[in-house]
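What follows is the residue order along each chain.
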Amino acid sequence: MNATLLSNEDPQELEQLFQTYKTRHVSLYAWGFLDWLTSLPARQP
């Protein structure tokens, strides 16, 4: 089995993988920010 992490054969596949990663990462960041934002009133004394 000869597998490499980066393949020069299909750059479109790498771009799709990157876009999927970016979408998930950004959405996780947005949900974390929204969770922090909505919990602010509960933290006020």
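Before any of the text, the structure's been laid out above.
Residues numbered from 1 in each chain as written. Predicted model: local features only at pLDDT ≥ 70, side-chain atom pairs only at ≥ 80, totals over all residues. Heavy atoms only, no water.

Q: Any details on the overall build of the protein chain? Residues and values, ideally.
A: Across its full length, the protein chain carries 1 helix and 0 strands. When each of the 45 residues of the protein chain is scored for burial, the buried share is 0%. Carbon together with sulfur atoms contributes 62% to the accessible area of the protein chain, which is approximately 4,800 Å² in total. (Helix = DSSP H or I, 4+ residues; strand = E, 2+ residues; numbered from the N terminus. Buried < 20%, exposed > 50% of the residue type's maximum accessible area, 1.4 Å probe, protein only. Areas by Shrake-Rupley, 256 points an atom, 1.4 Å probe, with all protein chains shown as cover.)

Q: I'd like a rundown of a nonpolar patch on the surface, residues and numbers included.
A: A grouping of Trp-31, Phe-33, Leu-34, Trp-36 and Leu-37 is seen on the molecular surface, where their side chains present a nonpolar patch of about 550 Å² in accessible area. With respect to the helices and strands, Phe-33 occurs in helix H1 (residues 11-43). For Phe-33, a relative accessible area of 42% translates into the label partly exposed. (Patch = residues over 30% accessible without salt bridge, like charges linked within 9 Å, V, L, I, M, F, W, Y side chains within 5 Å. Salt bridge = Lys/Arg side-chain N within 4 Å of Asp/Glu carboxyl O.)

Shape is all these values report; function is a separate question.
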